[in-house]
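# Architecture at a glance
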Amino acid sequence: REEFEEARGSRADVNYDDVGGMGETIKQLREMVELPLRYPELFTRLGVDPPRGVLLHGPPGTGKTRLARAVANESEANFFTINGPEIMGSAYGESERRLREVFEEAGKASPSIVFIDEIDSIAPKRSGVPGEAEKRLVAQLLTLMDGLGAHQNIVVIAATNRPDAIDEALRRPGRFDREIVIGVPDEGGRREILGIHTRGMPLAEGVDLGELARTTHGFVGADIAALAREAAMDAVRRIMPQLDLEA
């Protein structure tokens, strides 16, 4: 029970303003996630099943988890996190049981978003894994995805850095049939991300975020967050001798 409470509260207060350089991506995700959760009757009227699974993929550090948390907050849905490597239990059937429990809790608390991070670790291609445990876990996830009826009001978002490593059956219609690529941000995106990470920082007059955005080609969101953190630590190091003297 504590595990679920922790999972539900783990999204923090992240909203779309905290996600930089993803304007078009947010628009796509809102169509796929917010609409089904907020207005399920739209899809009933149209006679089609709402989207059930969205796969986010791209390089590490591009903000896939942050984006999932933002969409959960903005759509006022309960947020359940499944961390791929952590759910792999040692006891027979333990991983499948934990997976089922998360989906059951999400069903009771709907509208819900179930976020599966590093899905490639729990749903690898069955043809490429020798162990039976991995194959059973993939089969369990397929069963849970297929069991999401229109009345349940649950959307599953999965993230991976290696989309080609996921079992093909998960990418068929009715499962993770909608995919969004989250790439490395361009200069405009980097400028937005720099603005987000330096929002509460007292910047010196000579700091030019536009120039920093131009010179950080290839940086992803995590790199820019680390850059801002290091700059702050550098300032702390400069005033440390004074703090030691005062102490």
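Presented here is a report on the structure given in the accompanying data block. (Residues numbered from 1 in each chain as written. Predicted model: local features only at pLDDT ≥ 70, side-chain atom pairs only at ≥ 80, totals over all residues. Heavy atoms only, no water.)

## Considering unusual backbone geometry
With the exception of glycine, most residues fall at negative phi, and the peptide bonds are largely trans. Here is the rule: Every helix listed is a DSSP run of H or I at least four residues long, and every strand listed is a run of E at least two residues long, numbered separately from the N terminus.
The peptide bond linking serine 110 to proline 111 adopts the cis configuration, its omega dihedral lying at 5°. Mapping proline 111 onto the fold places it in the loop between helix 6 (94–108) and strand 3 (112–117). A positive phi angle, near 55°, is found at glutamate 76, a position not held by glycine. Tracing the chain through its elements places glutamate 76 in the loop between helix 4 (64–74) and strand 2 (78–83). For glutamate 118, which is not a glycine, the phi torsion comes out positive at approximately 55°. Its location among the elements puts glutamate 118 in the loop between strand 3 and helix 7 (132–146).

## Considerations on the nonpolar core
Quick reminder of the rule: Joining through side-chain atoms within 4.5 Å is the link that ties buried Ala, Val, Leu, Ile, Met, Phe, Trp, Tyr and Cys residues into a set, and such a set is a nonpolar core. Using a 1.4 Å probe on the protein chains alone, a residue whose accessible area is under 20% of its type maximum counts as buried, one over 50% counts as exposed, and one in between counts as partly exposed. The contact criterion used throughout is that any non-hydrogen atoms of two residues lie within 4.5 Å.
In terms of nonpolar packing, the biggest core is built from 28 residues, with Val114, Ile116, Ile119, Leu141, Val156 and Leu170 touching the most fellow members. Among the secondary structure elements, those contributing two or more residues to this core are strand 2, helix 6, strand 3, helix 7 and strand 4 (154–160). Apart from residues no more than four positions distant in its own chain, leucine 170 is found in contact with Ile119, Ala123, Leu141, Leu142, Met145, Arg175 and Phe176. Core analysis: the next-biggest nonpolar cluster, separate from the first, contains 25 residues, Val19, Leu67, Phe79 and Phe115 among them.

## A short note on helix 8 (residues 187–197)
Convention followed: When we speak of the arc, we mean the arc of directions from the helix axis to the C-beta atoms. A 3.5 Å cut-off defines polar contacts: any pair of N or O atoms within that distance qualifies, except that in protein one atom must be a possible hydrogen donor and the other a possible acceptor, and neighbouring residues in sequence count only when both atoms are side-chain atoms.
Within helix 8, the full set of buried residues consists of Gly189, Arg190, Ile193, Leu194 and Ile196. The buried residues of helix 8 all sit within an arc of 160° when viewed along its axis, so they share a single face. For helix 8, the N-terminal capping position is held by aspartate 186, with its side-chain oxygen 3.3 Å away from the main-chain nitrogen of glycine 188.

## Looking at the layout of surface pockets
So the rule is basically this: For cavity detection a 1 Å grid was placed over the protein atoms alone, and a set of points counts as a cavity when a 1.4 Å probe fits there but cannot get out; an open set counts as a pocket when protein lies on both sides within 12 Å along at least five of seven lines, with lining residues being those that have an atom within 4 Å of a point. Grid points are joined across faces, edges and corners, and a volume is the space filled by probe spheres set on the points. Think of it as three bins: nonpolar holds Ala, Val, Leu, Ile, Met, Phe, Trp, Tyr, Cys and Pro, charged holds Asp, Glu, Lys and Arg, and polar takes everything else, Gly as well.
Of the pockets and cavities examined, the largest pocket occupies roughly 530 Å³. In terms of lining, the largest pocket is formed by 28 residues, of which the most central are Gly61, Thr62, Gly63, Lys64 and Arg66. Where the lining of the largest pocket is concerned, the elements lending two or more residues are helix 4, helix 8 and helix 10 (221–246). Per element, the largest residue contribution to the lining of the largest pocket is 4 residues, and it comes from helix 4. Tallied by class, residues from the lining of the largest pocket come to 11 nonpolar, 11 polar and 6 charged.

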